[in-house]
Amino acid sequence: KKLYKKCSKYLGPNQSKFMMIFSILTYSISFQSFADSKIEYEKAVKLITEDKIEESVQLLQEISSSKDKEYSMKSNYLLGNYYVSKNNIVQAKKYYQLAIEDTKNTSNEAISALYQLSTLAYNENDKLLAEKYILEMDKRTGSKQANMKELLGMFYFAVIKNTEKAEENYNEAVKIDPNNLRYRINLLTLYEYKNDSLNISKTISNMKKINSKVSNKEIGIYYSNSSNMSLAKKYLEKAINEDKDLTAQFNLGIVYYNTGKKDEGIKMLQAAEKMEIKDATEILNKIK
């Protein structure tokens, strides 16, 4: 109001009214354009569900160049996904980069765009760039999300082969979410890799404190489902030999069969069938 009074003395009465009307009109148009971006974005997403991809892409490109930061960013992310599906990596990178321009943006789309860029960098064997994007994901989420620490741990363990940084991040994940067994089994996998028997025992003990149902058999099944057959075999054999849990023969039989020990696997499954373990007969019939 003060600013308007200062300006109005330099204008005639009609000019003053015009300036006020112009300001209100400009604000209304600006507000309406943001509302339109939201409507257009929702329309583009609906077109995707209707498998009208090309129409959706055209609409998203229009929104991408709009002044609405939120829906421009969302559109850039979807366009990045589209070009990845077309194996046009140059264009995919371009739109993902546009999606992450605002370093304060912590939306799911911005974080996902960073992850996609990290994956593309990894595929191009640029490990340092891949690491940079994952670190940025962690930074944008305030370094307080357990799943981000887990992702960093997995990256350092599987890609960089830096077990110290992997352990550090896995431990951070455990601190943030201490009752989540997934984060603790990441540590178990790392300690198995390092052959660290003391920490292996300590980690399993801590897992059992969280959930009394944790056993060698359950750990073995987890590793089997994760396609880590060497550790699946180790823990299922421990279940049979140490825990005297003969029901683990069913699971171990499948592991043996899938890792080339077919005869041993069939024997295990036959033993499980005699114990009337569910699905054993069905698996044997499939093998036959």
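This is a predicted model, so every value here is computed, not measured.

Quick look at the pattern of salt bridges
Turning to step 1, where the next piece is worked out: A complete count under the given rule lists 14 salt bridges for this structure.
Turning to step 2, where the next piece is worked out: Between Glu42 and Lys38 there is a salt bridge, with its nearest N and O atoms 2.6 Å apart. Taken together, the residues span about one helical turn, with Glu42 and Lys38 both in helix α2 (residues 13-49) at a distance of four residues.
Turning to step 3, where the next piece is worked out: Among the charged side chains, a network of salt bridges with common partners joins Lys46, Glu50 and Lys52.

Details of the nonpolar core
Turning to step 1, where the next piece is worked out: Counting 65 residues, the largest nonpolar core has Tyr96, Leu188, Ile219, Tyr223 and Tyr235 as its most contacted members.
Turning to step 2, where the next piece is worked out: For this core, the element with the most residues is helix α8 (residues 146-160), which contributes eight residues.
Turning to step 3, where the next piece is worked out: Setting aside anything within four residues of it in sequence, one finds Tyr223 in contact with Ile185, Leu188, Thr189, Asn228, Leu231, Ala232 and Tyr235.
Turning to step 4, where the next piece is worked out: With six residues, the next largest nonpolar core counts Phe250, Leu269, Ile277 and Leu284 among its residues.

Digging into the environment of Lys208
Turning to step 1, where the next piece is worked out: By the secondary structure assignment, Lys208 is in helix α11 (residues 197-210).
Turning to step 2, where the next piece is worked out: Separated by 27 residues in sequence, Lys208 and Leu181 have C-alpha atoms that sit 9.4 Å apart.

Looking at the packing of aromatic side chains
Any pair of aromatic rings gets described here by the distance separating the centres and the angle formed by the planes.
Turning to step 1, where the next piece is worked out: Tallying each qualifying case throughout the model produces eight aromatic pairs.
Turning to step 2, where the next piece is worked out: When the ring of Tyr83 is compared with that of Tyr95, the centres are 5.6 Å apart and the planes differ by 5 degrees; the resulting orientation is stacked. In this pair, Tyr83 is assigned in helix α4 (residues 69-85) and Tyr95 in helix α5 (residues 89-99), connecting sequence segments twelve residues apart.
Turning to step 3, where the next piece is worked out: Geometrically, the ring pair formed by Phe155 and Tyr156 is edge-to-face, given 5.8 Å between the ring centres and 75 degrees between the ring planes.
Turning to step 4, where the next piece is worked out: Take Tyr156: its relative accessible area is 4%, and that puts it in the buried class.
Turning to step 5, where the next piece is worked out: A network of ring pairs unites the aromatic residues Tyr82, Tyr83 and Tyr95 as a single cluster.

Calculation rules
- Residues numbered from 1 in each chain as written.
- Predicted model: local features only at pLDDT ≥ 70, side-chain atom pairs only at ≥ 80, totals over all residues.
- Heavy atoms only, no water.
- Salt bridge = Lys/Arg side-chain N within 4 Å of Asp/Glu carboxyl O.
- Helix = DSSP H or I, 4+ residues; strand = E, 2+ residues; numbered from the N terminus.
- Core = buried A, V, L, I, M, F, W, Y, C linked by side-chain atoms within 4.5 Å.
- Buried < 20%, exposed > 50% of the residue type's maximum accessible area, 1.4 Å probe, protein only.
- Contact = heavy atoms within 4.5 Å.
- Phe/Tyr/Trp six-rings, centres within 6.5 Å; stacked < 30°, edge-to-face > 60°.

Functional significance is not addressed by these values, which are geometric in nature.
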